[in-house]
Amino acid sequence: MAETLLFNALRQAIDEEMAHDETVFVLGEDVGHYGGSYKVTKDLYKKYGDLRVLDTPIAENSFTGMAVGAAMTGLRPIIEGMNMGFLLLAFNQIANNAGMLRYTSGGNFKIPMVIRGPGGVGRQLGAEHSQRLEAYFHAVPGLKIVACSTPYNAKGLLKAAIRDDNPVLFFEHVLLYNLKEKLPDTEYIVPLDKAEIVRPGKDVTILTYSRMRHHCVQALKTLEKEGYDPEIIDLISLKPFDLETIGASIRKTHRVIIVEECMKTGGIAAELIALINDNFFDELDAPVIRLSSQDIPTPYNGTLENLTIVQPAKIVEAVQKMVALQV
């Protein structure tokens, strides 16, 4: 097992799948000779050529539409958004084309494509470069949405996404690219629709994803010292949610805290709370607590930026409050 950075784990996944299947290709701004904005596609053009690692103009709507057409003809495009916020320019192509064409064609076309790239609140990247778009796309039929959080699941999930016959939005966090982890030397796949139990526990279920997984693990150090026993679950799949794993945890703990970097209004946690109330309301001993980012554009100022998102101390406070509500 070799220690690998997250961005290199993603690169390995793309490299292996391109070698395995000649229909797989990459397109986007600066993905070729420059190697991608975070070096996920570094040097792949040397191995596979400029037609399989395709540098595009700065025109997200155009190259996303082209990728949809390529997928309809049997290719497997991987779009890299230089920043996921820029993909708002391709919302029509992702929603009306990629998400719906398999249905509106009566099943005559499959749309096997991956749309991936960096997002989330970084370090002083400003409001337009600190977008969390998972909730924007959550209501679009026909899309699968996943968020990687470690080098291990990043590689396994991306390989699974590339092989899937449906459009997959693949969210990477800009501050996780330099995470290190030992990866198996043998090939592995991580299912697109399964959550991961990061830490089993019995006091309260903490549901989280992406960078907030690591904030929850930070909070765990304090919580364990104080005698709390939380169960931490990394959702990974944001659409569909893994309600089987979520439900099993709720039946054990009977309390839920959701920690997200998404905005509070209309966010991932909002939909998740609705589903929990629909499916597991009788198992709850207390109302679900939701910890989300503030509903404001992310400030450039570093101190203010940190105040807009959930910090480990808030998670500790929420667990203390939740367990104090025991009946």
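Everything numeric in this text was worked out from a predicted model, so none of it was measured.

Parameters at a glance
Residues numbered from 1 in each chain as written. Predicted model: local features only at pLDDT ≥ 70, side-chain atom pairs only at ≥ 80, totals over all residues. Heavy atoms only, no water. Domains from an automatic or database assignment. Contact = heavy atoms within 4.5 Å. Buried area = accessible area lost by both parts, 1.4 Å probe. Salt bridge = Lys/Arg side-chain N within 4 Å of Asp/Glu carboxyl O. Polar contact = N/O pair within 3.5 Å; in protein donor to acceptor, adjacent residues only side chain to side chain. Helix = DSSP H or I, 4+ residues; strand = E, 2+ residues; numbered from the N terminus. Nonpolar A, V, L, I, M, F, W, Y, C, P; charged D, E, K, R; others polar. Pairing = 2+ DSSP bridges. Axes fitted to C-alpha atoms, helices over the stretch in contact; angles between N-to-C directions.

One can read the domain layout of the protein as domain 1 (4-181) and domain 2 (196-324). On a C-alpha basis, the centres of domain 1 and domain 2 stand 27 Å from each other. Taken together, the contact pairs 30 residues of domain 1 with 27 residues of domain 2. Taken together, both faces of the contact between domain 1 and domain 2 bury some 2,300 Å²; the carbon and sulfur share is 58%. The largest contributions to the domain 1 side of the interface with domain 2 come from Gln124, Arg132 and His138, which together make up 29% of the buried area. The interface formed by domain 1 and domain 2 includes 0 salt bridges. At the boundary of domain 1 and domain 2, one finds 18 residue pairs in polar contact (both at pLDDT 80 or more). Of all the elements in the fold, those that place two or more residues in the side of domain 1 that touches domain 2 are helix H6 (134-138), strand S6 (144-147) and helix H7 (151-163). For the side of domain 1 that touches domain 2, the element with the most residues is S6, which contributes 4 residues. Its residues assigned to classes, the side of domain 1 that touches domain 2 shows 16 nonpolar, 10 polar and 4 charged.

Our focus in this paragraph is the sheet that holds strand S13 (residues 256-263). Picture the strands of a sheet paired through backbone hydrogen bonds; they go either parallel or antiparallel. In space, the 5 strands of this open sheet follow the order S9-S11-S10-S13-S14, with mixed pairing throughout. Single-partner strands in this sheet number two, and they are strand S9 (196-199) and strand S14 (289-293). Adjacent strand axes in the sheet meet at a mean angle of 25 degrees when their direction is disregarded. Examined bridge by bridge, strand S10 (residues 204-208) and S13 share 4 bridges and lie parallel to one another.

Before going further, it helps to examine the sheet that holds strand S7 (residues 168-173). Taken in spatial order, the 7 strands of this open sheet run S3-S2-S4-S5-S7-S6-S12, and their pairing is mixed. Looking at which strands have only one partner, the edges of the open sheet turn out to be strand S3 (53-55) and strand S12 (237-239). Strand-to-strand twist of the sheet, defined as the mean angle between neighbouring strand axes without regard to direction, takes the value 20 degrees. Each of strand S2 (24-28), strand S4 (76-80), strand S5 (114-119) and S7 touches H7; the most contacted strand, S7, lies at about 160 degrees to it.

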